[in-house]
2 protein chains.
Amino acid sequence: MARENKISMEHGAGGQQMQSLIGSVILKNLKKTCAGTVGLDSLDDGASITLLKENCGGFQSDKIELVMTTDSHVVKPIFFPGGDIGRVSVCGAVNDLSVMGARPLALSCGMIIPEGFDITDLEKVVCSMNAVLEEVGVPIITGDTKTVEGSALDSIMINISGIGICDAPVRDSGLSPGDKIIVSGYIADHGMALLTKREGFEFNSDLVSDVAPVWKMIEPALSVRTKDGKKAISAMKDPTRGGIADSLNEMAQKSKVGIQIEEEKIPIREAVQTSCEMLGLDPLEIANEGKVVLGVHPDYAEQVLKILKQHPYGKDAAIIGVAGTDKPGKVILVSALGSTRYVDVPTGDPIPRVC
Amino acid sequence: MARENKISMEHGAGGQQMQSLIGSVILKNLKKTCAGTVGLDSLDDGASITLLKENCGGFQSDKIELVMTTDSHVVKPIFFPGGDIGRVSVCGAVNDLSVMGARPLALSCGMIIPEGFDITDLEKVVCSMNAVLEEVGVPIITGDTKTVEGSALDSIMINISGIGICDAPVRDSGLSPGDKIIVSGYIADHGMALLTKREGFEFNSDLVSDVAPVWKMIEPALSVRTKDGKKAISAMKDPTRGGIADSLNEMAQKSKVGIQIEEEKIPIREAVQTSCEMLGLDPLEIANEGKVVLGVHPDYAEQVLKILKQHPYGKDAAIIGVAGTDKPGKVILVSALGSTRYVDVPTGDPIPRVC
């Protein structure tokens, strides 16, 4: 009996057992699986997305701007405080689309599962995916399931790709001197929650990951426009691997501006700060899975901040710095006492397999 | 020195080393990486696809039908006669879009690489991808690279997702009684080439995989229309895992028709036939990676066949059977001597990790 509740190689063989697994574990637990003529339940070679003039923001008769994103998730352990690989993987795609300024339209899901993997665990993962899909209102419309020998892979790995739509993408390179830098809440929770669980630390046992889909928080902020009709949000990233250190450096380099951030304004939980100090980790380099770093036109920064704060995921948002012409491509951290240091691009990963 | 040419955990850490790997191995070898405002070289959170009225077949002012597909590839060994995991993964997405009747617009690439993987091998894989992209004229516009401990994964695994565009998708469920069944060439080459290489068989050492992108072969056949303006091609699948046995059964079940195929009309190489017999394998269940199974309106079957035969990948195409009202949902194989048997849905995978 135990054997029957484990993934076997036949579950990935493209035949009857795979169909049955998809039906009983995946389709059963996903509520929204269609965005066009052909949806996930057709189990066809792909699925379709119908774009209708009346229901597509940014739809013009001569041009449509789609956004595509992809992420493969190798998070370890797959279940952790505040989430699991299912929640992380769907949030990963939703958040990448969101920070491009694109409304999520549809997702795909490619799973690689080792032989012997517990089907009850698979079902939990799929249910976690579904919770995010329902929250955001986006379907998984197509998928792929592969199985490999248990010796070939240590756990399930999930790729989610996504399609969104926008009038014009928000780019990393969009910062101008003067733009305010906002972070949407407490940093480093995801990485530290994962590390705490993985290493079995006694301290910080209450710490949970921030993994969450940011679209509903971002959507109203995207409609804030400058006098010339441009988005007030000039650049946006979700600071996952490499933390806000990596996101800010990418923005500074691509936008050819310097970024100065004030240490005391960065939202960070005391427990996270303390354990980072104990472990010799820089919280700026630790991954987040439900946070956004934004550059915003200075005249609209307070308005955008207020909008973000109205959403539960953004209630601790703060303006943490400003872009300038000094030291283009660099990020400078100013401490409470006024000393400064460069925030470097992380060279390695303090916490591997974080997403 | 040797160490430097191997993947390390830092290559997946989201920082400087990852950027450098992406630049020197991926971007350097991919020629076409953009389909809109933001392309792969922006290394942003995603990329964009611009749909313009003048360059989108099937574009109408009030409705656009996109097709999305995804496949994770776990093929073993990653290099085999006739191709490698790079070629298989890009062909997988291109072919899934093609058999949905959709012109490929853009692809994403998510790679999971074990620590210690040879960077020269990675470069070979990327070059193979590029060759297919150039042949089809489709870019990889966004990607993701994850690394894991060498003990966690036995080799590189690649997800390719794709977006295409069409007026109306060609579905598995579109077969009508009377429709002719066409296969676009010799079956079972991919699976048997892989098995031969994997097991080191002495016989069949000349066998090569058929892995190829079928879009250019399919495209002109999609324009064949019936008198009422519908596509003459009523259903289409690429018979990968589970072979044509699985594809035909899916078509029969979803279309609620019976399919009768004639054994002697199925294109199969003698070497493949012989080795299948030796190994007790059914060639109908063996994977293909550059073949298509089509259902075509009977009045247009010869015309579609002729079009397929004009392309090198379709030169051995043949009409192998017909859909009917008898035994709906079932596939029946008629031997040269007139005996019949059901072609069952494969229950397991005779050759695992084939794609």
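Conventions and cut-offs
Residues numbered from 1 in each chain as written. Chains lettered and ligands numbered in written order. Predicted model: local features only at pLDDT ≥ 70, side-chain atom pairs only at ≥ 80, totals over all residues. Heavy atoms only, no water. Helix = DSSP H or I, 4+ residues; strand = E, 2+ residues; numbered from the N terminus. Areas by Shrake-Rupley, 256 points an atom, 1.4 Å probe, with all protein chains shown as cover. Lys, Arg positive; Asp, Glu negative; His and termini not counted. Charge placed at Lys NZ, Arg CZ, Asp CG, Glu CD. Axes fitted to C-alpha atoms, helices over the stretch in contact; angles between N-to-C directions. Left-handed = near helix turned anticlockwise from the far one by under 90°. Contact = heavy atoms within 4.5 Å. Nonpolar A, V, L, I, M, F, W, Y, C, P; charged D, E, K, R; others polar. Parallel < 35°, antiparallel > 145°, perpendicular 65-115°, else oblique. Buried area = accessible area lost by both parts, 1.4 Å probe. Salt bridge = Lys/Arg side-chain N within 4 Å of Asp/Glu carboxyl O. Polar contact = N/O pair within 3.5 Å; in protein donor to acceptor, adjacent residues only side chain to side chain. Pairing = 2+ DSSP bridges. Phe/Tyr/Trp six-rings, centres within 6.5 Å; stacked < 30°, edge-to-face > 60°. Lys NZ or Arg CZ within 6 Å of the ring centre and 35° of its normal. Buried < 20%, exposed > 50% of the residue type's maximum accessible area, 1.4 Å probe, protein only.

The name given to chain A in an unreviewed UniProt entry is Carbamoyl dehydratase HypE, with the source organism recorded as Methanolapillus millepedarum.

A. The overall build of chain A, seen in detail. The secondary structure content of chain A amounts to eight helices and 14 strands. With the model as given, the accessible surface of chain A reaches about 12,500 Å², and the carbon-plus-sulfur share is 49%. Looking at chain A, you have 35 positive and 47 negative side-chain charges, and the mean spots of the two groups are 4 Å apart.

B. Local environment of the packing of helix H2 (residues 85–99) of chain B against helix H3 (residues 119–136) of chain B. All names here are of chain B. Look at H2 against H3: their axes get within 7 Å of each other, and the N-to-C directions meet at 35 degrees. For the element pair H2 and H3, the recorded crossing hand is right-handed. Here Ile85, Gly86, Arg87, Ser89, Val90, Cys91 and Val94 of H2 lie close against H3, whose contacting residues are Val125, Ser128, Met129, Val132, Leu133, Glu135 and Val136. In terms of residue class, the contact of H2 with H3 is built from nine nonpolar, three polar and two charged.

C. Local environment of the packing of helix H1 (residues 16–26) of chain A against helix H3 (residues 119–136) of chain A. Residue and element names in this part refer to chain A. Remark: H1 packs on H3, axes separated minimally by 10 Å, with the N-to-C direction vectors making an angle of 55 degrees. Our classification of the angle between H1 and H3 gives oblique. Taking contact as the criterion, the partners of Leu21, Ser24, Val25 and Ile26 in H1 are, on H3, Ile119, Leu122, Glu123 and Val126. Partitioning the contact of H1 with H3 into residue classes produces six nonpolar, one polar and one charged.

D. View of the side chain of Ser89 of chain B. Residue placement: Ser89 of chain B occurs in helix H2. Other than its neighbours up to four places away in sequence, Ser89 of chain B contacts His73, Met129, Ile158 and Ile160 of chain B.

E. Main features of the interface of chain B and chain A. At the junction of the two partners, chain B supplies 87 residues and chain A supplies 88 residues. Buried area between chain B and chain A, both sides added, is near 6,500 Å², and the carbon and sulfur share of it is 53%. One can count ten salt bridges joining chain B with chain A. When the shortest N-O distance is used, the salt bridge between Lys146 of chain A and Asp71 of chain B registers 3.9 Å. Run the count over chain B and chain A and you get 42 residue pairs in polar contact (both at pLDDT 80 or more). Top element by residues in the side of chain B that touches chain A is strand E2 (residues 63–73) of chain B. It accounts for ten residues. A per-class count over the side of chain B that touches chain A returns 35 nonpolar, 28 polar and 24 charged. Pairing analysis gives six bridges linking strand E1 (residues 47–52) of chain A to E2 of chain B, with the strands arranged antiparallel. The residue of E2 of chain B that forms the bridge with Ala47 of chain A is Met68 of chain B.

F. View of the packing of aromatic side chains. This model, assessed by the stated rule, comprises zero aromatic pairs over all chains. If you follow Lys330 of chain A out to its NZ or CZ, it ends over the ring of Tyr342 of chain A, 5.7 Å from the centre.

G. The sheet that holds strand E11 (residues 293–296) of chain B, seen in detail. All names here are of chain B. If you trace the seven strands from one edge of the open sheet to the other, you get E9-E11-E8-E12-E10-E13-E14, paired in mixed fashion. At either end of the open sheet lies a strand with only one pairing partner, and these are strand E9 (233–237) and strand E14 (340–342). Between one strand axis and the next, the sheet turns by 25 degrees as a mean value, whatever way the strands run. Pairing of strand E8 (residues 180–183) with E11 involves four bridges; the strand directions are antiparallel. Bridge pairing links Val183 to Val293 in E11. Against the sheet, helix H8 (residues 301–309) contacts E8, E9, E11 and strand E12 (318–324), and its axis sits at roughly 10 degrees relative to E8.

H. Region of interest: unusual backbone geometry. Of note, the bond from Lys76 of chain A into Pro77 of chain A is cis; its omega dihedral lies within 30 degrees of zero at 0 degrees. Examined against the element boundaries, Pro77 of chain A turns out to sit in the loop between strand E2 (63–73) and strand E3 (79–80). Despite not being glycine, Arg353 of chain A has its phi angle at roughly 55 degrees, a positive value. Topologically, Arg353 of chain A is positioned in the segment after strand E14 (340–342). On the accessibility criterion, Arg353 of chain A (6% relative accessible area) is buried. Phi is positive for Leu43 of chain B, which is not a glycine, with a value near 45 degrees. Tracing the chain through its elements places Leu43 of chain B in the loop between helix H1 (16–26) and strand E1 (47–52).

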